Amino acid sequence: MKNCQHLAEDLLAALPDALVLVQAGRLTWCNPAGRRLLGSAAADQDEAQDLARLLPPECLAWLAGTVDDSLQETRLHRLDGRELDVEIRATVLAGGAGERLLVVRPTPPARRRLRLERAIGQITQALIQATDVPAFLEAVCRILVEEGTYPLVWIGVADAGAEGGCLLAARAHDGRVDPLSLGVLWQPAVPSEGDPAVMPPGVGVAPLGSGTMPVDATAGPDWRCVAAALGCTASATLRLVDGWGESKDVLVLCSREADPFPEAERLQMAELSGELAFGLRSLRLRTAHAETESAMHALRHEFQQILEWQVASQTAAAIAHEIGQPLSAVTTFGEAALRLLDDIQPRPDRLARAVEGMAVQAERAGHVVRELMDFLRHAEGTQEVVDPLDLLQGVAPLVRASQGTHLAIDLVAPAGLGPVWANRLQIEKVLLNLLRNAADALEAAGQRGRDFRVAVEMSQNESHLRLCVVDRGPGVDPAIAGRVFEPFFTTKTRGIGMGLALSRALVEGQGGRLWHEPETGGGARFCFSLPLGRTGA
């Protein structure tokens, strides 16, 4: 018994006609098609509805009388606020205590409006799911045809190259004639009133004529010829104008109906036009945004590759620069050892010192590479309490070995200087680089003898030690003074421009600062500061 009941419910649910039960002036039940016709989505919204809310008084009076399989045309006031022209066939149920079964069907124009309403809902869903404009336009045309509303639908995009004509963007038809051969949809020599190229915003309706329009052999058959072959008698053109007033697209609907495109349907078509225009603009913006994101992703990837190459290049240049100094010292000691071996009376003690110097500098080169790589990997490095005078004593022999033993270094420092908290090897590299730059400046100025000297000035305050390297060379041109710390900027013919940039990074990495000051009376002054040693360290 239950199976029979379920079968009956399934049959009623599958019926395309709206079935409604009424009793005592109230709606008591309806099938799914009835709910759709009434404009409600849920069953609980249409149960126990007062018929006076749905039907006009004259129709209520007709239902209250003795009706048996009689037909009445009236206007239905739907629950969603819209009105619909319908025809109602009423049958009195035997033993039903006044119950009547109503079969409600929209009139032919109303049915078309309902189909268009369903099509608009499906188009809205298609827009939500769309990923690109062409697929969405094809979906719009297919929905409008499949709903049985129009036998031919196409969407065109205005094209300047078509001399005011329109290029096919999407199309659909009911299968009688294949319009795939449509190329340029029209190229009117003198635009007529029915052409979308000259249509104002809104909906324009025009008859198709006899269907004997001339065919352009290069453009394919005129779209009107195709529409006439499908039995269409009229077309409606919708300019897809959005809220910004732009209009590049048109939607053309063709109809076979005896009364094509009545006023109520045109209002729906205007609504469809606005929805499509807004949807297309949103979809195009979404597509453009996705394309921009893709381009930005590719640009970021390319920039990352360039950055990685630049880092690798700077790292290689920095390593070459930093190990160049100890390797130069190794070369100097090696040449001295060779000269000692060539002496008629070799002196083993001096030879031993030269070889020992080579070993020390080779070990120093290894330390330099390790410390530099640690720095490039953002390692903190090993910091300790360092005597600033020890720094100068460790660096001075290296400068003299590479520049000549006649270079004089004058120390200007007060008694009782406190230690600093620093990485000894890194700060020695900074001081060595500044002293070598000063010596190079003196050599470039042609100074020799007693004038071939630099000064190292040290002072301190409550928190920092200040150390300056001063020379009497040509000085730094004010025009380039702001660039001397830039990577790869150099005024030397054989320099690579990494010394000062790395020196500043090393000093700043230890809480200090490196800067340049103009020297009164000529020359250059480069200073750096370091925090004083920690108490109790």
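It should be emphasised that the depicted structure is a prediction, and the values quoted were computed from it without experimental measurement.

## Notes on the sheet that holds strand E17 (residues 464-471)
- Here we have five strands laid out as an open sheet, ordered E14-E16-E17-E19-E18, and mixed in their pairing. Among the strands making up the open sheet, the edge pair consists of strand E14 (408-412) and strand E18 (513-518). The mean inter-strand angle of the sheet, taken between neighbouring strand axes irrespective of direction, is 20°.
- For E17 and strand E19 (residues 524-531), the ladder comprises eight bridges, and the chain directions are antiparallel. Residue arginine 466 lies in a different strand from E19, and its bridge partner there is serine 529.

## Comments concerning the layout of surface pockets
- There is about 440 Å³ of room inside the second largest pocket.
- In this structure, the second largest pocket is lined by 20 residues; those nearest its centre are Ala33, Arg36, Leu37, Leu114 and Arg118.
- If you tally residues by element for the lining of the second largest pocket, the top one is helix H6 (residues 108-129), at five residues.
- Considered class by class, the residues forming the lining of the second largest pocket number eight nonpolar, two polar and 10 charged.

## Focus: the environment of threonine 149
- Take threonine 149: it is sitting in the loop between helix H7 (133-146) and strand E7 (152-158).
- By relative accessible area, which is 6% here, threonine 149 ends up buried.
- Distance in space between the C-alpha atoms of threonine 149 and glutamate 257 is 9.9 Å, their sequence separation being 108 residues.
- Look past the residues within four positions of threonine 149 in its chain and what remains in contact with it is Arg115, Leu116 and Leu144.

## Describing the state of the cysteines
- Throughout the structure, instances matching the rule amount to one disulfide.
- Between the sulfur atoms of cysteine 468 and its disulfide partner cysteine 527 the distance amounts to 2.1 Å. Negative torsions about the S-S bond denote left-handed disulfides, and the value of about 110° found for cysteine 468 with cysteine 527 makes this one right-handed. Taken together, the residues span a long stretch of sequence, with cysteine 468 in strand E17 and cysteine 527 in strand E19 at a distance of 59 residues.
- Classification of cysteine 468 as buried rests on a relative accessible area of 1%.

## Thoughts on the pairing of strand E1 (residues 18-23)
- The element E1 is largely enclosed, with a buried count of five among its six residues.
- The pairing of E1 with strand E6 (residues 100-106) spans five bridges and is classified as antiparallel. When the sheet's bridge partners are listed, leucine 21 is paired in E6 with leucine 101.
- Counting the residues that bridge the hairpin from E1 to strand E2 (residues 26-30) gives two residues, and of these alanine 24 lies at a positive phi of roughly 55°.

## Looking at H7
- The end-to-end C-alpha distance of H7 is 20 Å, a good match for the 20 Å that 14 residues give at a rise of 1.5 Å each.
- Inspection of H7 places Val133, Phe136, Leu137, Ala139, Val140, Cys141, Ile143, Leu144 and Val145 among the buried residues, and these make up the whole buried set.

## Examining the side chain of threonine 74
- For threonine 74, the position within the fold is in strand E4 (residues 70-77).
- By relative accessible area, which is 10% here, threonine 74 ends up buried.
- Apart from the residues lying within four places of it in its own chain, the contact partners of threonine 74 are Leu55, Pro56, Cys59, Leu84, Asp85, Val86 and Ile88.

## Observations concerning the sheet that holds E4
- In spatial order, the strands read E3-E2-E1-E6-E5-E4; together these six strands make up an open sheet with antiparallel pairing. Looking along the sheet, the strands with just one partner apiece sit at the ends: strand E3 (49-50) and E4.
- Pairing analysis gives two bridges linking E2 to E3, with the strands arranged antiparallel. Bridging across to E3, leucine 27 finds its partner in glutamine 49.
- Sitting on the sheet, helix H5 (residues 57-64) is in contact with E4, strand E5 (83-92) and E6, with an inclination near 145° to E4.

## Brief notes about the pairing of E17
- Counting buried positions over the eight residues of E17 gives six, a clear majority of the element.
- In this sheet, E17 lies alongside strand E16 (residues 453-460) in antiparallel orientation, the contact comprising six bridges. Bridge pairing in E17 links serine 459 to arginine 466.
- In this structure, the hairpin formed by E16 and E17 is closed by a connection of three residues.

## Quick look at the environment of leucine 11
- With respect to the secondary-structure elements, leucine 11 resides in helix H1 (residues 2-14).
- Between the C-alpha atom of leucine 11 and that of asparagine 31, which follows or precedes it by 20 residues, the distance is 10.0 Å.

## Regarding the environment of alanine 270
- Looking at the element boundaries, alanine 270 is found in helix H9 (residues 263-342).
- Among the residues examined, alanine 270 registers a relative accessible area of 38% and is labelled partly exposed.
- Through-space distance from the C-alpha of alanine 270 to that of leucine 238 is 7.3 Å; in sequence the pair is 32 residues apart.

## Quick look at the packing of H6 against H7
- One way to put it is that H6 packs onto H7 with a least axis distance of 9 Å and a crossing angle of 160°. Between H6 and H7, the angle falls in the class roughly antiparallel. Handedness of the crossing formed by H6 with H7: right-handed. Here Leu116, Ala119, Gln122, Ile123, Ala126 and Leu127 of H6 come into contact with H7, specifically with Phe136, Ala139, Val140, Ile143 and Leu144.
- In the contact of H6 with H7, the residues fall into 10 nonpolar, one polar and no charged.

Rules and cut-offs
Residues numbered from 1 in each chain as written. Predicted model: local features only at pLDDT ≥ 70, side-chain atom pairs only at ≥ 80, totals over all residues. Heavy atoms only, no water. Pairing = 2+ DSSP bridges. Helix = DSSP H or I, 4+ residues; strand = E, 2+ residues; numbered from the N terminus. Axes fitted to C-alpha atoms, helices over the stretch in contact; angles between N-to-C directions. 1 Å grid on protein atoms, 1.4 Å probe; cavity = no way out; pocket = protein on both sides within 12 Å on 5 of 7 lines; lining within 4 Å. Points joined across faces, edges and corners; volume = space filled by probe spheres on them. Nonpolar A, V, L, I, M, F, W, Y, C, P; charged D, E, K, R; others polar. Buried < 20%, exposed > 50% of the residue type's maximum accessible area, 1.4 Å probe, protein only. Contact = heavy atoms within 4.5 Å. Disulfide = S-S within 2.5 Å. Expected span 1.5 Å × (residues − 1). Parallel < 35°, antiparallel > 145°, perpendicular 65-115°, else oblique. Left-handed = near helix turned anticlockwise from the far one by under 90°.

Purely geometric numbers; function is a separate question.
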